[in-house]
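# Survey of secondary and tertiary structure
What follows is each chain in one-letter form.
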Amino acid sequence: MWKAYDTLYQAPAEQRAIFDHGEPFLPPSLREKFFEMLKSFPKGVDLKDTIRLHKFNPDDEDRMTHVPQECRKLLCAYFKSVRDLGFQILETISESLGIERDYFRNVTGNNPELNVSIHRYSPYEDAEQRMGLPVHVDIDILTILLQTDDVEGLEVKKDDRWVVVKPVAGSFVINLGEVIQAITNGKYRSVLHRGMLNKDKVRSSVACFLVPTPDSMIEPIPHLVTEENPPHHLIADWATYYHHHFAKALKL
Ligand SMILES: O=C(O)CCC(=O)C(=O)O
Ligand SMILES: [Fe+2]
């Protein structure tokens, strides 16, 4: 994957403009408001560059003519494996809940498409302004994250403290997204996290997001809803849920 990363980042601006979705994966109606909000973010935000592949279907290599030819095969092979790993983890979670193995995959529309964020965090001296990616939870089903082996930066909130997720060579970080939390009615929780800059090294990460199809209903598994534990989240199709999430985040 790192070879493909280099190819993507070395691509000339005109070519990058074609394959890079550019802005975050937002509902179109909220884009303007989001960009306004971005202006108020701390300076450190400018020190992260992100290439975004939106609705990336690794089964569709032949139709991927916008992606640099030299890394097309590699990207498809990598994201196919990563998607499979994600589906396997979902099956394991299903087993732990006593539901059919392919429950999550089915209720989220069996989506072959992924969203991908390929981050490059530049080094930054000023310790006060080190954040590259602001605090958030992933608004997807599940995220499979590859990070540079030897540079720390990812932090998760645990018991009101920020804890560094130390890179382990040859491993992925798995983040549960808000969709898992909604479907399991809080039994599995998504975690607050952020991406910090390093004082003297570049840090890179590749986040692969499993997402529902727009018309999938996001609703809790019936046996996880009780009188004491009513539904925690909005029950709606994914397009509505997604819009609602960002509207709330942007305080609309
Ligand atoms: O760079 C990282 O380690 C975090 C990336 C991330 O959280 C995201 O893209 O949602
Ligand atoms: Fe994230």
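Residue numbers run consecutively from 1 along every chain, following the written order of its sequence. Whichever chain is written first is A, and whichever ligand is written first is 1; the rest continue in order. In keeping with the predicted nature of the model, local features appear solely for residues at pLDDT of at least 70, side-chain atom pairs appear and are counted solely at 80 or more, and the whole-chain, interface and lining totals rest on all residues. Side-chain descriptors were evaluated using all non-hydrogen atoms of the structure, hydrogens and water having been removed beforehand.

Moving on, we come to the coordination of the iron ion (ligand 2). Distances define the donors: N, O and S atoms within 2.8 Å of the metal qualify, as do those within 3.2 Å of Na, K or Ca. Water is excluded, so some sites may look unfinished. His 136 (NE2), Asp 138 (OD) and His 193 (NE2) make up the full set of protein donors to the iron ion (ligand 2), lying at 2.1 Å. The sequence pattern describing where the donors of the iron ion (ligand 2) fall on their chain is H-x1-D-x54-H. Residue His 136 is classed as partly exposed on the basis of its relative accessible area of 23%. Asp 138 gets classed as buried once you look at its relative accessible area, which sits at 5%. Think of it in three bands: with a 1.4 Å probe and only protein chains considered, a residue is buried below 20% of the maximum accessible area for its type, exposed above 50%, and partly exposed in between.

Further remarks concern the site of ligand 1. We call a residue near a given molecule or strand whenever any one of its heavy atoms falls within 4 Å of it. The environment of ligand 1 is made up of His 119, Tyr 121, Leu 133, His 136, Asp 138, Leu 145, Leu 154, His 193, Arg 203, Ser 205, Ala 207 and Phe 209. Definition of a polar contact: a pair of N or O atoms within 3.5 Å, with one able to donate and the other able to accept a hydrogen when the atoms are protein atoms, and with sequence-neighbouring residues admitted only if both atoms are side-chain atoms. Within the side chain of His 136, an N or O atom sits 3.0 Å from an oxygen atom of ligand 1. Here Ser 205 contributes a side-chain N or O atom positioned 2.7 Å from an oxygen atom of ligand 1. Considered on its own, ligand 1 offers 300 Å² of accessible surface; in the complex 96% of this is hidden by protein. Looking at the shell around ligand 1, the elements that each hand over two or more residues are strand 2 (114-121), strand 3 (131-136) and strand 9 (203-210). When residues in the shell around ligand 1 are grouped by element, the largest group, four residues, is from strand 9. For the shell around ligand 1, a count of residues per class yields six nonpolar, four polar and two charged. Note on areas: these come from Shrake-Rupley sampling with a 1.4 Å probe, and a residue is covered only by the protein chains present in the view. Helix and strand definitions follow DSSP, with helices as H or I runs of at least four residues and strands as E runs of at least two, each counted in order from the N terminus. Classification used: nonpolar for Ala, Val, Leu, Ile, Met, Phe, Trp, Tyr, Cys and Pro, charged for Asp, Glu, Lys and Arg, polar for all others including Gly.

A few words now on unusual backbone geometry. The backbone of Asp 159 sits at a positive phi, close to 45°, despite the residue not being glycine. Position of Asp 159 relative to the elements: it lies in the loop between strand 5 (154-158) and strand 6 (161-164). Backbone geometry places Asp 160, a non-glycine residue, at a positive phi of 65°. Counting through the fold element by element, Asp 160 comes out in the loop between strand 5 and strand 6. Taking the relative accessible area as the measure of exposure, Asp 160 reaches 70% and is therefore exposed.

Of all hydrophobic cores here, the largest spans 62 residues; its most connected members are Met 1, Leu 75, Phe 79, Phe 104 and Ile 118. Looking at this core, the element that brings in the most residues is helix 4 (residues 69-97), giving 10 residues. Joining through side-chain atoms within 4.5 Å is the link that ties buried Ala, Val, Leu, Ile, Met, Phe, Trp, Tyr and Cys residues into a set, and such a set is a nonpolar core.

Our focus in this paragraph is the pattern of salt bridges. Side-chain pairing between opposite charges can occur once the charged atoms of the two side chains come close. Counted as salt bridges are all cases of a side-chain nitrogen of Lys or Arg within 4 Å of a carboxyl oxygen of Asp or Glu. According to the stated counting rule, one finds 11 salt bridges in the structure shown. Across the pair Arg 101 and Glu 95 runs a salt bridge whose closest N-O atoms are separated by 2.0 Å. Residue Arg 101 is classed as partly exposed on the basis of its relative accessible area, which comes to 43%. We note a salt bridge from Glu 152 to Lys 166, for which the minimum N-O separation is 3.2 Å.

A separate point is the packing of aromatic side chains. Side-chain rings of Phe, Tyr and Trp (the six-membered ring for Trp) are treated as a pair once their centres are within 6.5 Å; stacked means planes under 30 degrees apart, edge-to-face means over 60, and tilted covers the remaining angles. One pass over the structure, following the stated rule, counts nine aromatic pairs. With 4.8 Å between their ring centres and 85° between their planes, Tyr 78 and Phe 79 make a pair best called edge-to-face. Comparing Tyr 78 with Phe 79, the two get one shared label, buried. Measuring from ring centre to ring centre gives 5.9 Å for Trp 238 and Tyr 241, while their planes differ by 20°; the resulting arrangement is stacked. Of the two residues, Trp 238 and Tyr 241 are both situated in helix 7 (residues 238-249); the distance of three residues between them amounts to about one turn of the helix. Here Trp 238 and Tyr 241 have matching classes, each one buried. Ring-pair connections join several aromatic residues into one group, and the members of that group are Phe 56, Tyr 78, Phe 79 and Phe 172. The residue whose ring lies beneath Arg 105 is Phe 87, and the NZ or CZ to ring-centre distance is 3.9 Å. Only when the NZ of Lys or the CZ of Arg is both within 6 Å of the ring centre and within 35 degrees of the ring normal is a charge said to sit over the ring.

Our next topic: the sheet that holds strand 4 (residues 142-147). If DSSP finds at least two bridges between two strands, the strands pair. Taken in spatial order, the five strands line up as 1-2-9-4-7 in an open sheet, and their pairing is antiparallel. The open sheet has two free edges, formed respectively by strand 1 (48-56) and strand 7 (173-176), since each of these has just one partner strand. Across this sheet, the average inter-strand angle for adjacent strands is 15°, counted without regard to direction. Two elements, strand 1 and strand 2, share seven bridges in a ladder whose sense is antiparallel. Within strand 2, the residue paired with Phe 56 across the bridge is Leu 114. Contacts: residue pairs with any heavy atoms within 4.5 Å of one another. Under this scheme, a helix contributes an axis fitted over its contacting stretch, all axes are lines through C-alpha atoms, and angles between N-to-C directions fall in the 0 to 180 degree range. Packing against the sheet, helix 1 (residues 2-10) makes contact with strand 1, strand 2, strand 4 and strand 9, and its axis sits at approximately 75° to strand 2.

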